[in-house]
Amino acid sequence: MVSTPVFDPNQFTPGISHTLWNQYLTNRPTPLLFRATQERYPPGSIFKIISALALLENGLDPTRHIQCRGSYRIGRRTINCTAIPGLFDFKRAFQHSCNSYFIHHAISQEDGIKNIIKMGEQFHLGKRTGLLPEQESPGQFPSLKDVSQGWHDGDTANLSFGQGPITVTLLQMALMTSAVANGGTFYHPRLVERIQSPNPNIRDAIIKFRQAKKRTQLILRKPDSLAIIREAMYADVAEERGTGHSALIPEYNICGKTGTAEVKKPGDPHKITWFVSFAPYEKPKYAVVVMAERGVSGGKTCAPIAREIYEALIARDQKQNIVRN
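Here we summarise the structure given alongside this text. (Residues numbered from 1 in each chain as written. Predicted model: local features only at pLDDT ≥ 70, side-chain atom pairs only at ≥ 80, totals over all residues. Heavy atoms only, no water.)

Glancing now at the overall build of the protein. Along the protein, the regular secondary structure elements total 10 helices and 11 strands. In terms of C-alpha radius of gyration, the protein reaches 21 Å, essentially the compact-globule figure of 20 Å for 325 residues. Each of the three principal axes of the protein carries a C-alpha extent, and together these read 65 × 55 × 35 Å. Going through the 325 residues of the protein one by one, you find that 46% of them count as buried. Sequence separation of 24 or more characterises 66% of the internal contacts of the protein that already satisfy a separation of 6 or more. With the model as given, the accessible surface of the protein reaches about 17,600 Å², and the carbon-plus-sulfur share is 51%. Of the side-chain charges in the protein, 40 are positive and 28 negative, and the distance between the mean point of each set is 2 Å. (Helix = DSSP H or I, 4+ residues; strand = E, 2+ residues; numbered from the N terminus. Rg over C-alpha atoms; globule rule 2.2 N^0.38 Å. Buried < 20%, exposed > 50% of the residue type's maximum accessible area, 1.4 Å probe, protein only. Contact = heavy atoms within 4.5 Å. Areas by Shrake-Rupley, 256 points an atom, 1.4 Å probe, with all protein chains shown as cover. Lys, Arg positive; Asp, Glu negative; His and termini not counted. Charge placed at Lys NZ, Arg CZ, Asp CG, Glu CD.)

In structure tokens form, the structure reads like this:
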């Protein structure tokens, strides 16, 4: 887990100066927040992984096309779509991150919003992971009770593509991605597997920690639902028209989803940009989540960073294989 900007902990020994402390408090972005667990953010379109899974589980035909006109009208409100207008089935809507497609199905499907919220609860949104209980945000996620009290189609539209009354942490999104990759199992996260000498020839005195414990298992009625999501995530990176194509590494099949959430703060509007991913597609080993405050977009800002992380992981694995052989 990495968070930037950072501070030098040596500056706190024996005590930090008032001047430097005030700089840390007033500087934006502040280095005092550990962004992987402490801060919460709107997920934007990476939440479409969860809303899509809910819609697929409850009757969405992934081969059926709908027409996107570049925006979606709800009452007097128009919600813009970043996708180019055209016909969209599920795969194409996921690749182009078509808001209109997800709004349409979330509103038109019977109990669409209730199913999305139930699916989000299965992914433990709005709850702490338990890794760092005292330094971890639970985020925010609506309940079925909220839906019964003054909920409108506009709220459903917002939630379907990760806006509105929802915030998440990076760690929550890493666990979400891992569960999609591994077939639906949630584990309690841990930071350390073992401690050993950096010298590969020294095998003594290895300290091993307890294996990760299973938390829950996704309850799904259709065995193909997760496979459809994984295939769409693979296409989002592998195919040139996908929003995550800039994460592409030839011959190493990365699956991903981009997200760009708008923060309409008075006097300070900006974007929270995301890329969630796992690899390799055939036999997942890693989940990588990148978030950048005030980025351009998930595809332009975060996906290239994820690619560099995977390149480092590939190089590390190759080096370890050489040592073993």
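Counted under the stated rule, the structure contains 1 cavity of 30 Å³ or more. Quantified by volume, the largest cavity comes out at close to 50 Å³. Lining the largest cavity are F123, H124, K127, T129, Q172, L175, F186, Y187 and R215. At the level of elements, helix 8 (170–182) and strand 5 (185–187) are the ones that each hand at least two residues to the lining of the largest cavity. (1 Å grid on protein atoms, 1.4 Å probe; cavity = no way out; pocket = protein on both sides within 12 Å on 5 of 7 lines; lining within 4 Å. Points joined across faces, edges and corners; volume = space filled by probe spheres on them.)

It is worth spelling out the side chain of S160 at this point. On the secondary structure map, S160 appears in helix 7 (residues 153–160). With a relative accessible area of 1%, S160 lands in the buried category. In this structure, S160 is in contact with F47, K48, S51, F102, I103 and A106, ignoring residues within four places of it in sequence.

The biggest cluster of nonpolar side chains holds 55 residues, and the ones touching the most others in it are F90, F123 and W274. For this core, the element with the highest residue contribution is helix 2 (residues 48–57), accounting for 7 residues. Of all hydrophobic cores here, the second largest spans 17 residues; its members include A247, Y252, A306 and L313. (Core = buried A, V, L, I, M, F, W, Y, C linked by side-chain atoms within 4.5 Å.)

With that settled, consider the sheet that holds strand 11 (residues 286–293). Strand order across the open sheet formed by 3 strands is 9-10-11, with antiparallel pairing between neighbours. Two strands lie at the open edges of the sheet, namely strand 9 (255–263) and strand 11, each paired on one side alone. Going from strand to strand, the sheet's axes swing by 10 degrees on average, the running direction of each strand aside. Pairing of strand 10 (residues 270–279) with strand 11, which is carried by 8 bridges, proceeds in the antiparallel orientation. Note on strand 11: the bridge partner recorded for V276 is V289. Strands strand 9 and strand 10 of the sheet are contacted by helix 9 (residues 225–238), whose axis makes an angle of about 80 degrees with strand 9. (Pairing = 2+ DSSP bridges. Axes fitted to C-alpha atoms, helices over the stretch in contact; angles between N-to-C directions.)

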